[in-house]
Amino acid sequence: MFSALLAVVLLDAVAVEAQLACTGVGYYPDPADCSKFYRCTDLYGNGLLQQYMFECPAGTVFDNSLDVCNWPWAVPGCSNGPLPVITSTQPPPPSTTAAATTASTTPDQPEGGFSPSPGSAYACSEPGIVEYKADCQKFWLCKENPAGSKLLESLLYRCPEGYLFSSSVLRCARADDVTCIAAGADTRSVPVTQLTVQQLDAFFSRWG
């Protein structure tokens, strides 16, 4: 549990160090480093934007025109050498999405149903709140974004200190009232949003 919390603290520090001021929801390049980019979100729908920093795989840079990590020679202003000669044996540029550093494809969407967004850390099947089996203090919010798209993005939240997520009522409850056994540590680096006690009622009234 301690190691998992330490990983979350280190991850939150990355977001704090970001030098870009969010002006709207979306993806933005780092003005000083082509290999980095930022995702700006409006988790509560109140206009107060949250910011997360990501880094492309080694050897690639963020392509602001496509919102993906691309070869440096394909991104104006980020190339350090001449354009390579494309041959039949040279692999195509990676199709890494801006929300993850591994290639992904859009899953087939069931007719009339929902599908997880490409690169989602958790495969949501419907809007709502889902337990996070690796940590009793965290939970997933599956949120349609953009509205009407039938695509669900997965957002990870953490209950306040002294609270755990209750799978029976699908909300944060006092630790003394919750029985939970974590399934094991999750080694992925997933951004997490910390909730306060004052935010609980409003949050779960809206999303619960």
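Residues numbered from 1 in each chain as written. Predicted model: local features only at pLDDT ≥ 70, side-chain atom pairs only at ≥ 80, totals over all residues. Heavy atoms only, no water.

Once that is clear, we can look at the sheet that holds strand β2 (residues 36-41). Pairing is antiparallel in the open sheet, where 3 strands are placed in the order β1-β2-β3. Two strands lie at the open edges of the sheet, namely β1 (26-29) and β3 (50-55), each paired on one side alone. Averaged over all pairs of adjacent strands, the angle between strand axes in this sheet comes to 25°, irrespective of strand direction. Inspection of the sheet shows β2 paired to β3 by 6 bridges, in the antiparallel sense. Looking at the pairing, tyrosine 38 lines up with methionine 53 of β3. (Pairing = 2+ DSSP bridges. Helix = DSSP H or I, 4+ residues; strand = E, 2+ residues; numbered from the N terminus. Axes fitted to C-alpha atoms, helices over the stretch in contact; angles between N-to-C directions.)

Moving on, we get to the environment of proline 76. Mapped onto the elements, proline 76 comes out in the loop between β5 (68-70) and β6 (96-97). Along the chain, proline 76 and serine 65 lie 11 residues apart, while their C-alpha atoms are 10.0 Å from each other.

To continue, consider the pairing of strand β10 (residues 151-158). The buried fraction of β10 amounts to 7 of the 8 residues, a majority that puts the element mostly inside the structure. Direction of pairing for strand β7 (residues 115-116) relative to β10: parallel, over a ladder of 2 bridges. Residue proline 116 lies in a different strand from β10, and its bridge partner there is leucine 152. The sheet contact formed by strand β9 (residues 138-144) and β10 spans 7 bridges and is antiparallel. The residue bridging cysteine 142 from the neighbouring strand is serine 154, located in β10. The antiparallel hairpin formed by β9 and β10 contains 6 residues in its connecting segment, where glycine 148 sits at a positive phi of about 85°. Across 3 bridges, β10 lies against strand β13 (residues 192-194) in parallel orientation. Looking at β13, one finds that leucine 156 is bridged to valine 192. (Buried < 20%, exposed > 50% of the residue type's maximum accessible area, 1.4 Å probe, protein only.)

Per the counting criterion, the structure on display carries 6 disulfides. With its disulfide-bonded cysteines labelled consecutively along the sequence, the chain is connected as 1-3, 2-6, 4-5, 7-9, 8-12, 10-11. (Disulfide = S-S within 2.5 Å.)

What follows covers the side chain of serine 117. You can see serine 117 is positioned in the loop between β7 and β8 (128-131). Judged by its relative accessible area of 13%, serine 117 falls in the buried class. Excluding its chain neighbours within four sequence positions, the residues that come into contact with serine 117 are Asn145, Leu151, Leu152 and Glu153. (Contact = heavy atoms within 4.5 Å.)

Outside of glycine, negative phi angles account for most residues, and trans bonds account for most peptide bonds. A cis geometry characterises the amide bond from asparagine 145 onward to proline 146, with omega recorded as -5°. With respect to the helices and strands, the residue proline 146 is situated in the loop between β9 and β10. With a phi angle near 65°, lysine 150 is a residue other than glycine that sits in the positive phi range. Take lysine 150: it is sitting in the loop between β9 and β10.

Relative to the assigned elements, alanine 175 resides in the loop between β12 (171-174) and β13. Between the C-alpha atom of alanine 175 and that of tyrosine 163, which follows or precedes it by 12 residues, the distance is 4.7 Å. Among all residues touching alanine 175, those that are not within four sequence positions of it are Gly162, Tyr163 and Leu164.

Once that is clear, we can look at the confidence of the model for the chain. In low-pLDDT segments, the atomic positions of the prediction should not be examined closely. Per-residue pLDDT for the chain averages 79, and the proportion of residues at 70 or more is 75%. In this model, residues 99-107 is a region of pLDDT below 50 whose contacts with residues beyond four sequence positions or in other chains number 19 contacts. (pLDDT = per-residue confidence, 0-100.)

Counted by the stated rule, this structure contains 4 salt bridges. Linking glutamate 153 and arginine 39 is a salt bridge whose minimum nitrogen-to-oxygen distance equals 2.3 Å. Of this pair, glutamate 153 sits in strand β10 while arginine 39 sits in strand β2, and the two are 114 residues apart along the sequence. Two residues, aspartate 201 and arginine 171, come together in a salt bridge whose shortest N-O distance is 3.3 Å. Placement of the pair is aspartate 201 in helix α2 (residues 200-207) and arginine 171 in strand β12, with a sequence separation of 30 residues. Overall, arginine 171 belongs to the partly exposed group, its relative accessible area being 27%. (Salt bridge = Lys/Arg side-chain N within 4 Å of Asp/Glu carboxyl O.)

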